[in-house]
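# Overview (structure and organization)
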Amino acid sequence: MDTPKSSGARVTFAMITSALVVALAVVAAPSAMPQITSGEQLLVDPPVVTARLFYHGQTVRVSGAIPSGHEAAVVISDQGHGAVALKIKGRIWGVLWANTGEVNLISVPTLYLAATSTDLSNLGDAAVLDHLAIGYDALQSRSLMSPAGSPDDRHRLFMEFVKLQERGELYAINEGGVHLELDSSGDNRFSADFFFPPDVPVGSYDVRLLTFAEDGGTLFASSKITVNQAGLAAWISSLARERGLFYGLLSVIVALAAGLITGFVFDLGSKGGH
Amino acid sequence: MRADAGGSQLDLSIYLPVAENAVSIPLLLGLGGLVGFLSGMFGVGGGFLMTPLLIMIGIPPTVACASDSNQIVAASASGTYAHAKAGMVDFKMGTLMLIGGIAGGTLGVYVIKILRAMGQADLLIHATYVLMLGGVGSYMFFESLGDLRGTRSSRLSKERDARPSIYARLVGHLPWKVHFSRSNVTISVLMPLFLGVLVGVLAAIMGVGGGFIMVPIMVYLLRMPMHVVVGTSLFQILFTCINVTVLQATVNHTVDFVLALILLTGSVVGAQIGARVSERLKGDQLKILLAIIVLVVCVQMLLGFLVAPDILVGFKGGG
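Notes on the structure in this doc start here.

## Let's talk about the pattern of salt bridges
Any two side chains of opposite charge can pair, so long as their charged atoms come close to each other. Applying the stated criterion to the full structure yields eight salt bridges over all chains. With a closest N to O distance of 3.1 Å, K163(A) and E160(A) form a salt bridge. One end of the pair is K163(A) and the other is E160(A), both in helix 5 (residues 151-167) and three residues apart, which spans about a single turn. Residues D284(B) and K287(B) are paired through a salt bridge, measuring 3.6 Å at the closest nitrogen-oxygen approach. Of this pair, D284(B) and K287(B) are both found in helix 12 (residues 283-306), three residues apart, which corresponds to roughly one turn of the helix. For K287(B), a relative accessible area of 9% gives the class buried. What you see here is one network of salt bridges that share partners, running through E143(B), D284(B) and K287(B).

Shown next as structure tokens:
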């Protein structure tokens, strides 16, 4: 019979491999300085989001100043050059739900986080919002669908895609998420917080500050935010991409060793218990 | 929109560099332990259970499949070691079925390509899955239940089995008979080769490792003892998953080593415990437990057909 002590020791031993990797993950990051664009102030803090092994998302604050009496919107997104392949689910024979087809969405951003100081409808009419690419309707008007269906189908499928992205926190529109405040010198200060979930892909994203007045809206300032990997996470990711065969063999060897060593240790434990 | 990353509180999640997502470490250890336990106990790889669970917690489907294969290497190595030490692995039978399985897997890849070109392949695949799981699970369940209860129908079934069936007569006429001492059966080498091909084709079509198809085939068609079946199945799964892991890492770059490492930390321990529990149970008890798991998966898949999804699109590759 196994003693509780030997059982605990075996479990501890099995954890050692992952604990070593976890310990190696703590690598110092280069500190990122807030970035100020030329012209009007648009502060993105931090301007670089760094994913390490213990990264679980990051809150990014966008702040600055806009003219008095204006409303503001902040949009963080990428250019959306690629295509997203989707499966369409529908009813078959009126009873069964299954994949009934495929569709490609072209020119949709991977990330679309927007915050506004008031309701979208208060910022401007549909033409203004479309011109400044604010809101899901504006995103849809910039996207293509292949094969192209009817306008109703396109809208329905696009909004289903939005639901999918919202569930993964990669799309969000926060009406009222931009906070406006008059400072002592009479400037209209704004700030908005955005949560970057851990599954935001590595890359560079545009940060746009849009301001709105009675006569319409305008792109007031822009900046960039970068998501990258560092430390052990970056090393593993690059090894997987660039040296696939070596990486695969290494993964198999570690798995084999872990399996056999654990088997051996459990075997010793069993014999020790008799 | 969530504006708080929760950085100040203790967070036991870890960032997966290939999956590009963060997942709770205790959750992964628990999943690994559970699937490893089932693997060690029943001789199944557990991919049919683990891959959907990983997708559910936000791992991209391609990364979930590839990394799961990597962790199954560890769990099946651990399980094979334990069963081999107990003399419960038929290496000769396993090697023949493995050769057939590799050929069948390659054939299955082309079959699935043809099915996809014909359209409605997904429905066909899922329907096959449900029918296979339902049929195999129900048969195993009722047969084992009868044996456990020692019912009259079971005795009659045994008596009927004592008479050579058409299947037994056909198998008996095949050439190149070999005695497999560990399984204590004498059959033609063509049988494990052919059944290996069949499992390989089905596994490739259904996108799973094939352990839960392999086990009933070895029990009912090769007449191997259940305890030897578990170890022998794990032995084959080990090599199949080594092949898949290396191929996925080389061709698709979708193996997430960090994910696999945490899963396998749980699964190797689970596999050892499962193997020991397996040794203490009767063959019929093992069969009925596996039948229940297979039937639960079958019902879950059936519900997926009948219940309307909350979102009517999904990323391609995500089922």
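From this point, things continue past the structure.
## Some thoughts on the sheet that holds strand 10 (residues 171-175) of chain A
Neighbouring strands of a sheet are bound in pairs by backbone hydrogen bonds; such pairs are parallel or else antiparallel. All names here are of chain A. Strand order in this open sheet of six strands is 3-14-13-5-8-10, and the pairing throughout is mixed. Where the open sheet ends on each side, the last strands, each with one partner, are strand 3 (48-51) and strand 10. Taking the axes of each pair of neighbouring strands and ignoring which way they run, one obtains an average angle of 15 degrees across the sheet.

## Quick word on the environment of G137(B)
Residue and element names in this part refer to chain B. Along the chain, the position of G137 falls in helix 5 (residues 121-149). Residue classification places G137 among the buried residues on the basis of a relative accessible area of 0%. Residues G137 and P216, 79 residues apart in the sequence, show an inter-C-alpha distance of 9.0 Å. Residue contacts for G137: discarding those within four places in its chain leaves M132, A291, V294 and L295.

## A look at the state of the cysteines
Residues and elements named next belong to chain B. Inspection of the entire model under this criterion finds zero disulfides over all chains. Summary of cysteine pairing: C65 is not part of a disulfide, and the nearest cysteine sulfur, belonging to C241, is at 11 Å. In this structure C65 comes out as partly exposed when scored by relative accessible area, which is 33%.

## Remarks on the nonpolar core
For soluble globular proteins, nonpolar side chains are generally found buried alongside one another. Grouped together as the largest cluster of nonpolar side chains are 104 residues, with contacts concentrated most on I76(A), I134(A) and F196(A). In terms of residue count, helix 11 (residues 257-280) of chain B provides more of this core than any other element does, nine residues in total. Residues contacting I76(A), with those up to four places away along its chain left out, are V62(A), L111(A), Y112(A), L113(A), F194(A), F196(A), Y205(A), D206(A), V207(A) and I225(A). If you look at the next biggest cluster of nonpolar residues, it comprises 47 residues, including F180(B), L195(B), L222(B) and C298(B).

## Quick word on the packing of aromatic side chains
Under the counting rule described, the total for this entry stands at ten aromatic pairs over all chains. Ring geometry for Y55(A) versus Y15(B): centroids 5.5 Å apart, planes at 75 degrees, classification edge-to-face. Remark: Y15(B) occurs in strand 1 (residues 13-16) and Y55(A) occurs in the loop between strand 3 and strand 4 (58-66); the pair is interchain, linking two chains. Relative accessible area serves as the criterion here: at 7%, Y55(A) is assigned to the buried category. Accessibility expressed as a relative area gives 1% for Y15(B), which makes it buried. Residue placement shows R243(A) over the ring face of F246(A); its charged tip is 4.7 Å from the ring centre. Over the aromatic face of F180(B) sits the side chain of K92(B), whose NZ or CZ is 5.3 Å from the ring centroid.

## Overview of the side chain of Q165(A)
Following the sequence through the fold, Q165(A) ends up in helix 5. Using a relative accessible area of 6% as the deciding quantity, one classes Q165(A) as buried. Residues in contact with Q165(A), not counting those within four places in the same chain, are P109(A), T110(A), L170(A), Y171(A) and F315(B).

## Topic: the side chain of D206(A)
Residue and element names in this part refer to chain A. By the secondary structure assignment, D206 is in strand 13 (residues 203-213). There is a polar contact of 2.4 Å between the side chain of D206 and the side chain of Q79. Separated by 2.4 Å, the side chains of D206 and K224 make a polar contact. In this view, D206 contacts V75, I76, S77, Q79, S223 and K224; residues no more than four positions away in its chain are not counted.

## Points about the interface of chain B and chain A
With 61 residues of chain B at the interface, the matching set in chain A holds 74 residues. In total, about 6100 Å² of surface goes out of reach between chain B and chain A, with carbon and sulfur atoms giving 68% of it. At the surface where chain B touches chain A, the tally comes to one salt bridge. Ionic pairing is found between R167(A) and D310(B), a salt bridge with its closest N-O pair at 3.4 Å. Taken together, the connections running from chain B to chain A amount to eleven residue pairs in polar contact (both at pLDDT 80 or more). At the level of secondary structure, the elements contributing two or more residues to the side of chain B that touches chain A comprise strand 1, strand 2 (21-24), helix 3 (61-85), helix 5, helix 10 (226-252), helix 11, helix 12 and strand 5 (313-315) of chain B. At ten residues, the largest contribution of residues to the side of chain B that touches chain A is made by helix 11 of chain B. Note that strand 6 (residues 83-92) of chain A and strand 5 of chain B share three bridges and pair antiparallel. Pairing of K87(A) across the sheet is with G314(B), part of strand 5 of chain B.

What counts and how
- Residues numbered from 1 in each chain as written.
- Chains lettered and ligands numbered in written order.
- Predicted model: local features only at pLDDT ≥ 70, side-chain atom pairs only at ≥ 80, totals over all residues.
- Heavy atoms only, no water.
- Salt bridge = Lys/Arg side-chain N within 4 Å of Asp/Glu carboxyl O.
- Helix = DSSP H or I, 4+ residues; strand = E, 2+ residues; numbered from the N terminus.
- Buried < 20%, exposed > 50% of the residue type's maximum accessible area, 1.4 Å probe, protein only.
- Pairing = 2+ DSSP bridges.
- Axes fitted to C-alpha atoms, helices over the stretch in contact; angles between N-to-C directions.
- Contact = heavy atoms within 4.5 Å.
- Disulfide = S-S within 2.5 Å.
- Core = buried A, V, L, I, M, F, W, Y, C linked by side-chain atoms within 4.5 Å.
- Phe/Tyr/Trp six-rings, centres within 6.5 Å; stacked < 30°, edge-to-face > 60°.
- Lys NZ or Arg CZ within 6 Å of the ring centre and 35° of its normal.
- Polar contact = N/O pair within 3.5 Å; in protein donor to acceptor, adjacent residues only side chain to side chain.
- Buried area = accessible area lost by both parts, 1.4 Å probe.

By themselves, these observations are geometric and do not establish any function.
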